[in-house]
Amino acid sequence: QHCPSPPRQPLLLITTTTTTITATATTATITTPQQQAIEALLARFLPSHKYRYLFDRLAQLICDILIFSLRKIKTINRNGVVKMCRNVFALQQHLTTIVASKEHHFDRVRKYYELLYLSEEELFSIILGTHSDYSLEYDYAEHEWRTLLEFMRPTRKLEATALKRLQQAVLVRQRERPPR
């Protein structure tokens, strides 16, 4: 017989005029009055499983947009990459608060932007898996690698030889990748 577990009592509850911070043994959430109002409104009209469905793919969509947006950025320096990674982390925290589960898609975006720290040769060695200090946690599509390489060049164009080298490196990576 299944007995429902008792509700978790907060270890910490801080309420101010603008923010509520609640911490339990396993989670911590920060909510603003606007978030609380939206959640209350949605809870009145949607069952919890439909509420989760509403936000379920939002993280993936945001992350795809952020990766695609690199094409639109004219220049970015080291501080810009740091700021972008911080902003992605903030987005992850806010969406985690709404959905109540950790959104791992944002880690992929942060790692993608951190690849801008590397040189073109280091990037090729990462694609091929021969880089001694860096192992690739996430797979990126060929067009995402191409965007990174184009971004590293002042002209924003890949010559035919670099493009061919990229295509070969991606093919090698796909052959060596273990099946899922």
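The structure contained in this document is the topic of the report that follows.

Thresholds applied
- Residues numbered from 1 in each chain as written.
- Predicted model: local features only at pLDDT ≥ 70, side-chain atom pairs only at ≥ 80, totals over all residues.
- Heavy atoms only, no water.
- Axes fitted to C-alpha atoms, helices over the stretch in contact; angles between N-to-C directions.
- Helix = DSSP H or I, 4+ residues; strand = E, 2+ residues; numbered from the N terminus.
- Parallel < 35°, antiparallel > 145°, perpendicular 65-115°, else oblique.
- Left-handed = near helix turned anticlockwise from the far one by under 90°.
- Contact = heavy atoms within 4.5 Å.
- Nonpolar A, V, L, I, M, F, W, Y, C, P; charged D, E, K, R; others polar.
- Buried < 20%, exposed > 50% of the residue type's maximum accessible area, 1.4 Å probe, protein only.
- Polar contact = N/O pair within 3.5 Å; in protein donor to acceptor, adjacent residues only side chain to side chain.
- Salt bridge = Lys/Arg side-chain N within 4 Å of Asp/Glu carboxyl O.
- Core = buried A, V, L, I, M, F, W, Y, C linked by side-chain atoms within 4.5 Å.
- Phe/Tyr/Trp six-rings, centres within 6.5 Å; stacked < 30°, edge-to-face > 60°.
- Lys NZ or Arg CZ within 6 Å of the ring centre and 35° of its normal.

**Focus on the packing of helix α7 (residues 142-152) against helix α8 (residues 160-176)**
Turning to step 1, where the next piece is worked out: Contact pair α7 / α8: the axes reach a minimum separation of 10 Å and the direction vectors enclose 140°. For the element pair α7 / α8, the angle class is oblique. As α7 packs across α8, the resulting crossing turns out to be right-handed. Packed against α7, whose contacting residues are E142, W145, R146 and L149, the element α8 presents L163, L166, Q167 and V170 at the interface.
Turning to step 2, where the next piece is worked out: In the contact of α7 with α8, the residues fall into 5 nonpolar, 1 polar and 2 charged.

**So, the environment of A90**
Turning to step 1, where the next piece is worked out: Note that A90 resides in helix α4 (residues 78-99).
Turning to step 2, where the next piece is worked out: Note: C-alpha distance between A90 and F106 (16 residues apart in sequence) is 9.7 Å.

**Quick notes on the side chain of R110**
Turning to step 1, where the next piece is worked out: Inspection of the secondary structure puts R110 in helix α5 (residues 105-114).
Turning to step 2, where the next piece is worked out: Residue classification places R110 among the buried residues on the basis of a relative accessible area of 17%.
Turning to step 3, where the next piece is worked out: In terms of polar contacts, R110 uses its side chain to reach the side chain of Q92, at 2.9 Å.
Turning to step 4, where the next piece is worked out: With sequence-adjacent residues up to four places away left out, R110 is seen in contact with C85, V88, F89 and Q92.

**Some remarks on the pattern of salt bridges**
Turning to step 1, where the next piece is worked out: Tallied over the entire structure, the rule returns 5 salt bridges.
Turning to step 2, where the next piece is worked out: E150 is the partner of R146 in a salt bridge, and the nearest nitrogen-oxygen pair spans 2.9 Å. Here R146 pairs with E150, and both are found in helix α7, just 4 residues apart, close to one helical turn.
Turning to step 3, where the next piece is worked out: Residue R146 is classed as partly exposed on the basis of its relative accessible area, which comes to 33%.
Turning to step 4, where the next piece is worked out: Judged by its relative accessible area of 18%, E150 falls in the buried class.

**Considerations on the nonpolar core**
Nonpolar side chains in soluble globular proteins generally cluster together in the buried interior.
Turning to step 1, where the next piece is worked out: Grouped together as the largest cluster of nonpolar side chains are 33 residues, with contacts concentrated most on Y113, L115, W145 and L148.
Turning to step 2, where the next piece is worked out: Only α2 (48-56), α3 (58-69), α4, α5, α6 (120-128), α7 and α8 provide two or more residues apiece to this core.
Turning to step 3, where the next piece is worked out: Tallying contributions element by element places α4 first for this core, with 6 residues.
Turning to step 4, where the next piece is worked out: Sequence-distant contacts of L148, defined by excluding residues within four places in its chain, comprise L70, Y112, L115, L116 and L123.

**Comments concerning the packing of aromatic side chains**
Turning to step 1, where the next piece is worked out: A full pass over the atoms with the stated rule returns 3 aromatic pairs.
Turning to step 2, where the next piece is worked out: With centroids separated by 5.2 Å and ring planes inclined at 50°, the aromatic side chains of Y112 and Y140 adopt a geometry described as tilted. Of the two residues, Y112 is situated in helix α5 and Y140 in the loop between α6 and α7; the sequence distance between them amounts to 28 residues. Accessibility assignment for this pair places Y112 and Y140 in one class, buried.
Turning to step 3, where the next piece is worked out: Within the aromatic cluster, the residues linked to one another by ring pairs are Y112, Y113, Y140 and W145.
Turning to step 4, where the next piece is worked out: The ring of F124 has R165 sitting right over it, with the charged end atom 4.0 Å from the ring centre.

Distances and angles like these do not, on their own, reveal function.
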